[in-house]
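Coordinates in review
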Amino acid sequence: MDGLGKSFRAFVLSQKIPGCTITAVDDDHITLLTADAKGAVNFYRFDDMPEVVELSVIDIDCPDDPKFFLHFELDDEAHAEELFNEMAQVLQERDLFETTRVLLCCTAGLTTTMFANKLAEAAKTLSLDYSFEALPLAQAKEEGGDYDAVLLAPQVGYQRKAVAEAFPDAVVVEIPAKVFAAYDAGAALKLVMHLLSDHAVFPTADSSDLKLMRDMKNDKVIMVISVVARSRSSWIGWRIYDKGEVVAFGSVTKPSHDLRDIEDLLATLRLKGWDPSQLDAIGIAVPGIVNSGTVADAGRGITDYQLGRTLSKRYGTKVYVDNNANAAAVGCYVTQNEYDSLVLHTQQTGMPVPGQGIVVDGHLVKGRKNYAGEIGPLFAAVHGRDGMTRLQDLAWTSEGMRELAAPILAADISLVSPDAIYVAVDLLDDMDALKDQVARSYFTEREDLKSYVPDFIRVTDYRERIAIGELALCLQKLHNPRPHRKH
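Here we summarise the structure given alongside this text. Computed from a predicted model, the values in this text were never measured in an experiment. (Residues numbered from 1 in each chain as written. Predicted model: local features only at pLDDT ≥ 70, side-chain atom pairs only at ≥ 80, totals over all residues. Heavy atoms only, no water.)

**A look at the nonpolar core**
For the record, the criterion: Within this scheme, the nonpolar core is defined by two criteria: the residues are buried Ala, Val, Leu, Ile, Met, Phe, Trp, Tyr or Cys, and they are joined through side-chain atoms within 4.5 Å. Buried residues are those whose accessible area, probed at 1.4 Å on protein chains only, stays under 20% of the maximum for their type, while exposed residues exceed 50% and partly exposed ones sit between those limits. To qualify as a helix, a DSSP run of H or I must reach at least 4 residues; to qualify as a strand, a run of E must reach at least 2; elements of each kind are numbered from the N terminus. Here a residue-residue contact requires only that any non-hydrogen atoms of the pair lie within 4.5 Å.
If you look at the biggest cluster of nonpolar residues, it comprises 65 residues, and the most contacted ones within it are Leu104, Phe115, Phe132, Val150, Leu434, Val438 and Phe456. Take this core: its biggest share by element is eight residues, from helix α13 (residues 398–415). When neighbours within four sequence positions are excluded, Leu104 is seen to be in contact with Thr112, Phe115, Ala116, Leu119, Phe132, Glu133, Ala134, Leu135, Leu151 and Ile175.

This is the structure in structure tokens:
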């Protein structure tokens, strides 16, 4: 144990976290225990290399749902303390660990009572610490209550804004009509879990997902890192593909998005014995504008972060960095043989601005400085720059999401004329309704115009599409280093 290791251990043990007991089990294991959660600080030593620190927080009642998990190389005490403090904040966020209370509302409460019972059964089967109640909307607004989420039946969805004002600390969302009509407890539970946690385990890939790959020569060893930054969490999943087969995988979960987490991830794997010289390339898909390996994301305070150059120099291997929506679009393209041109449209629940990836005639459209698909300015022009609050309200319902997406998708059809539009938006599960709204609102001036409206396809595995798409982008760059013609 070197001086830095002793200093950081002393720092952890000296912390005073309200309601938390900190105990040194031995020199390499420290536990942090609250009434609802268990944290751990574990140290790993590798010969003469810096130590690796593992930070984790789990819900005592749901240990398979990590709230915080990462590794990093202990070579910068200030950075280590910053990460620990972030972990400590998660330990104190009681709403992450208490029973998740969900209220369902309709006009009289009868149908939602039946639905609430089905949801309770589904949650019990999955060992989730959730409780479900149902009330008539008028009674719910009058009585209030401490709920984590309020689900509105479609017939009262128009009152979402008023309900949100009555339950300011809850996520308020309308149950998609298709889900409610079928009493699809699984789909509704998945929606609640997504809204409240935003993270899940990154599974190993089924080899069948890679069987098409548009006949690409898949003969390389490539590490793929996928990043999805949402409103309540940041998730990083990694895989190592050896000729298309997944030979190693893992993930990181944190409440905030920081590109340094990618550097920490790679440094930790190196100390654990990972040899970057065995890789043909590292491919990284991140949010933001990516130009020649440099990342800019003004909304998250990231400007000119030279991620690709930094990691390539550090590990002596090729490092490719791409926008994650672009990677997802390529993932949609390479796993089917029907469409040569497509648009991938993605938008987070409650977030007013979407993102896109565009493939035309088999080529990813990047544009000047890789800005293609960054539709924020167009979105603001279409919906109004001064109406951001209204846009956020719309982004909580399926009808609102359709209203937000329809004019942008109509513009895509007019400018790109894709064979298909892939939609990675949780609240948009009815592709027929979305396609009908686009056609009815923008393509009815002449009867023949309807024929130009393409197929609409729902994406339910966005993270998977990112990973496969980034793999395909790496293979393309390795086998054909000369850039394609610009579109």
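**Examining the sheet that holds strand β18 (residues 342–346)**
Going by this rule: Here, a strand pair is defined by DSSP locating no fewer than two bridges between the strands.
In space, the five strands of this open sheet follow the order β20-β19-β18-β21-β22, with mixed pairing throughout. Taken across any chain shown, the strands that pair with only one partner, and hence form the sheet edges, are β20 (363–364) and β22 (455–458). Here strand β19 (residues 355–360) pairs with β20 via two bridges, running antiparallel. The residue of β20 that forms the bridge with Val359 is Leu364.

**Considering a negative patch on the surface**
Note the cut-off: Excluding any residue in a salt bridge, patches collect residues exceeding 30% relative accessible area, merging like charges within 9 Å and nonpolar Val, Leu, Ile, Met, Phe, Trp and Tyr side chains within 5 Å. Note on areas: these come from Shrake-Rupley sampling with a 1.4 Å probe, and a residue is covered only by the protein chains present in the view. By definition here, a salt bridge exists when the distance from a side-chain nitrogen of Lys or Arg to a carboxyl oxygen of Asp or Glu is within 4 Å. Counting rule applied: Lys, Arg positive; Asp, Glu negative; His and chain ends not counted. To locate a charge, take NZ of a lysine, CZ of an arginine, CG of an aspartate or CD of a glutamate.
A cluster of acidic residues, Glu338, Asp361, Asp419 and Asp455, forms a negative patch at the surface. Positionally, Asp419 belongs in the loop between α13 and β21 (420–424). We classify Asp419 as partly exposed; its relative accessible area is 35%.

**A short note on helix α1 (residues 3–14)**
Turn by turn, an α-helix covers 3.6 residues, leaving residues three or four places apart pointing in a common direction. The cut-off we apply is this: By definition here, a helix of n residues has an expected span of 1.5 Å times n minus one. In this context, the arc is that of the directions from the helix axis out to the C-beta atoms.
Counted at 1.5 Å a residue, the expected span for α1 with its 12 residues is 16 Å, and the 16 Å between its end C-alpha atoms agrees. Of all the positions in α1, only Gly5, Phe8, Arg9, Phe11 and Val12 are classed as buried. What you see down the axis of α1 is that its buried residues fit within an arc of 155°, all on one side. Among the exposed residues of α1, those pointing more than 90 degrees away from its buried face are Gly3 and Lys6. In this fold, the buried residues of α1 make contact with β1 (21–26), β2 (29–33), β3 (37–44), β4 (52–59), β5 (66–73) and α2 (77–92).

**A few points about the state of the cysteines**
Here is the rule: Cysteine sulfur atoms that pair up within 2.5 Å are treated as a disulfide.
Per the counting criterion, the structure on display carries zero disulfides. Of the cysteine sulfurs around Cys332, a residue in no disulfide, the closest is that of Cys474, at 17 Å.

**Quick look at the sheet that holds strand β15 (residues 294–297)**
By definition, the strands of a sheet pair up through backbone hydrogen bonds, in either a parallel or an antiparallel sense. Operational definition: Angles shown run from 0 to 180 degrees and are taken between the N-to-C directions of axes, each axis being a line fitted to C-alpha atoms and, for helices, limited to the stretch in contact.
Spatially, three strands are ordered β14-β15-β16 in an open sheet, and the strand pairing comes out antiparallel. Edge strands, defined here as strands with exactly one partner in the open sheet, are β14 (289–291) and β16 (302–306). When the angles between neighbouring strand axes are averaged without regard to direction, this sheet yields 15°. Alignment of β15 against β16, held across three bridges, turns out to be antiparallel. Bridging from a neighbouring strand, Val295 pairs with Tyr305 of β16. Helix-sheet contacts for helix α9 (residues 307–315) involve β15 and β16, and the interaxial angle to β16 is about 25°.

Honestly, that's just the spatial picture; any functional story needs more than this.
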